[in-house]
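Given next are the chains, with one letter for each unit.
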Amino acid sequence: NYGGTVRRSAVQGNPDLKVERVTETEFGFDARFFNNKLTFGATYYNRLTTDGILQVETPPSTGFTERYANAAEISNKGIELDFNYNLYSDADFSFNLFGNFTAYKNIVEKLPEVNRVVLNGFTSTGSVVREGAPFAAIFGGAYERDANGNIALDSNGFPLIDDEQQVIGDPNPDFRAGLGASIDYKDFNFSFLFETSQGNDMWGGTQGVLYYFGIHPDTDNISTGNVDLPIYSTNVSGARDYNNGVIPAGTPFRGNIADFGGGPVALEESWYRTNGGGFGDLDEQFVKDASWIKLREISLNYNLPTSLVSPLKIKSGQIGISGRNLLLITDFAGVDPEVNLSGASKGRGLDYFTNPGTKSILFNIKLNF
């Protein structure tokens, strides 16, 4: 601790901890066709983790805030597919295509001691372990809904918030896949790899905070200090604002129009500074689909001629250029959805002023003496 002193950990130990155990059943096969030009592999697995060790909340009166416990039972089922196909090959030219596909489903089957375990995030919104939900589910303030799943509204047409926080997103993808190729022509090699993740959710905390402070592009027309910004004039009669006021048709006001299912409402500063912004209790509105497609890597290499390197007592050499993450296609705004607020941790699917992902271009030279 500061000054070289020590302090007791806030996490209580547990002398009765048992070893985490994993039981897995796996089936798979590898197939080869056309004199090994085409190879295909498939695997199915069913894994059950029992006595999963987690840090669970404990009453502060014990002198600790958390304790280690064998708290969870988690199931994980999935399939993995891969292939490699040598489309053409001769003395000077070859074309190789390869790819993979994986899909899995994990569920926290049992979490008997606590309501949830926060893996990472904030007290209001986080990535949690919760019984009946996927591992690392996004948890926070949710819309109140009726028996049919429709958003419940107040008398003005604004959404109501559920009394209890709920699972509001799943950061685990429906599937991930990759497709790449390697092309050789004499001493040149060109290769590329595309990857995709589909169906994963992410909480856009950055967007919420920018809404709150009125510095997101969606709230440009609400900044009353800038007289040059456009004034939105509604043509809808009787649109209400969050302060229970009514904006008559044609009346200019600074704000946006939205419809949560009960007719048009006016989103003014009072909305964005409360439940419409990042410091409100309605986290579900900022959970978005974070599917992505990436050009993960592309490279071009050239094997140096022996006549060039042998006088230098070099057996072989290669020069090349490669790039990583040069292309990103996603509907998630503001950040690469593959990055994560808590970095390389169990918590996932959280964006809150997260450091951006990186692109890189590398030049390389390899010499074999």
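Anything mentioned here points back to the structure above.
Residues numbered from 1 in each chain as written. Predicted model: local features only at pLDDT ≥ 70, side-chain atom pairs only at ≥ 80, totals over all residues. Heavy atoms only, no water.

**A short note on the overall build of the chain**
Within the chain one finds three helices and 23 strands. For the chain, the C-alpha radius of gyration of 27 Å lies well beyond 21 Å, the compact-globule estimate for 369 residues. For the chain, the C-alpha atoms occupy an extent of roughly 85 × 65 × 55 Å along the three principal directions. The 369 residues of the chain split such that 38% are buried. Across the chain, contacts joining residues at least 24 apart in sequence account for 63% of those joining residues at least 6 apart. Carbon and sulfur atoms provide 53% of the accessible area of the chain, an area that totals close to 21,000 Å². (Helix = DSSP H or I, 4+ residues; strand = E, 2+ residues; numbered from the N terminus. Rg over C-alpha atoms; globule rule 2.2 N^0.38 Å. Buried < 20%, exposed > 50% of the residue type's maximum accessible area, 1.4 Å probe, protein only. Contact = heavy atoms within 4.5 Å. Areas by Shrake-Rupley, 256 points an atom, 1.4 Å probe, with all protein chains shown as cover.)

**Things to note about the packing of aromatic side chains**
The final tally for this structure, using the stated rule, is 21 aromatic pairs. Here F33 and F34 contribute two aromatic rings whose centre-to-centre distance is 6.4 Å and whose plane-to-plane angle is 50 degrees, an arrangement assigned as tilted. When its relative accessible area of 40% is taken as the criterion, F33 is described as partly exposed. An aromatic cluster of at least three residues, connected via ring pairs, comprises F122, W203, Y352 and F353. (Phe/Tyr/Trp six-rings, centres within 6.5 Å; stacked < 30°, edge-to-face > 60°.)

**Focus: the layout of surface pockets**
Approximately 280 Å³ is the volume attributed to the largest pocket. Lining the largest pocket are 16 residues, with P171, R176, N200, P337 and R348 sitting closest to its centre. Taken together, the residues of the lining of the largest pocket sort by class into seven nonpolar, five polar and four charged. (1 Å grid on protein atoms, 1.4 Å probe; cavity = no way out; pocket = protein on both sides within 12 Å on 5 of 7 lines; lining within 4 Å. Points joined across faces, edges and corners; volume = space filled by probe spheres on them. Nonpolar A, V, L, I, M, F, W, Y, C, P; charged D, E, K, R; others polar.)

**Thoughts on the nonpolar core**
For soluble globular proteins, the rule of thumb is that nonpolar side chains tend to be buried together. Residues W203, L267, W271 and Y272 are the most contacted members of the largest nonpolar core, which totals 17 residues. At the level of secondary structure, the elements contributing two or more residues to this core comprise β18 (264-267) and α2 (269-272). Aside from chain neighbours lying at most four places away, what touches Y272 is Y211, Y212, T219, I222, N256, L267 and G277. Core analysis: the second largest hydrophobic core is formed by 13 residues, V56, A72, L111 and V129 among them. (Core = buried A, V, L, I, M, F, W, Y, C linked by side-chain atoms within 4.5 Å.)

**Topic: helix α1 (residues 205-213)**
In terms of burial, α1 is a largely internal element, seven of the nine residues being buried. Among all positions of α1, only G205, T206, G208, V209, L210, Y211 and Y212 are buried. Buried residues along α1 sit against β12 (201-204), α2 and β22 (350-351). Positive phi shows up at G214, right after α1, with a value of about 70 degrees.

**Re the sheet that holds β22**
A sheet is described by the order of its strands in space; here three strands give the open sequence β19-β12-β22, paired in mixed fashion. Strand pairing shows two members of the sheet lacking a second neighbour, β19 (287-289) and β22, which therefore form its edges. Where β12 lies against β19, three bridges are found, and the strand directions are antiparallel. The residue of β19 that forms the bridge with W203 is V287. In this fold α1 packs onto β12, β19 and β22, with an angle of close to 25 degrees to the strand it touches most, β12. (Pairing = 2+ DSSP bridges. Axes fitted to C-alpha atoms, helices over the stretch in contact; angles between N-to-C directions.)

**A short note on a nonpolar patch on the surface**
On the surface, a cluster of nonpolar side chains totalling about 770 Å² of accessible area is made up of Y185, F188, F190, L300, I321, L326, I361 and F363. Broken down by secondary-structure element, the contributors of at least two residues to the nonpolar patch are β11 (188-198), β21 (316-330) and β23 (360-368). A residue is classified by how much of its surface remains accessible, and Y185, at 43% relative accessible area, is partly exposed. (Patch = residues over 30% accessible without salt bridge, like charges linked within 9 Å, V, L, I, M, F, W, Y side chains within 5 Å. Salt bridge = Lys/Arg side-chain N within 4 Å of Asp/Glu carboxyl O.)

**Digging into the environment of D351**
For D351, the position within the fold is in strand β22. Separated by 319 residues in the primary sequence, D351 and R32 place their C-alpha atoms 43 Å from one another. Those residues in contact with D351, other than ones at most four positions away along the chain, are M202, W203, G204, G205, T206, F332 and V335.

**Remarks on the sheet that holds strand β6 (residues 117-121)**
Read from one edge of the open sheet, four strands run β6-β7-β8-β9, paired in antiparallel fashion. Here the strands that pair on one side only, and so sit at the sheet edges, are β6 and β9 (166-169). Direction aside, the axes of adjacent strands within the sheet are offset by 50 degrees on average. Bridging between strand β7 (residues 126-129) and strand β8 (residues 137-140) involves three bridges; their strand directions are antiparallel. Opposite S127, over in β8, you have I138 as the bridge partner.

Geometric descriptors of this kind do not, in isolation, establish any biological role.
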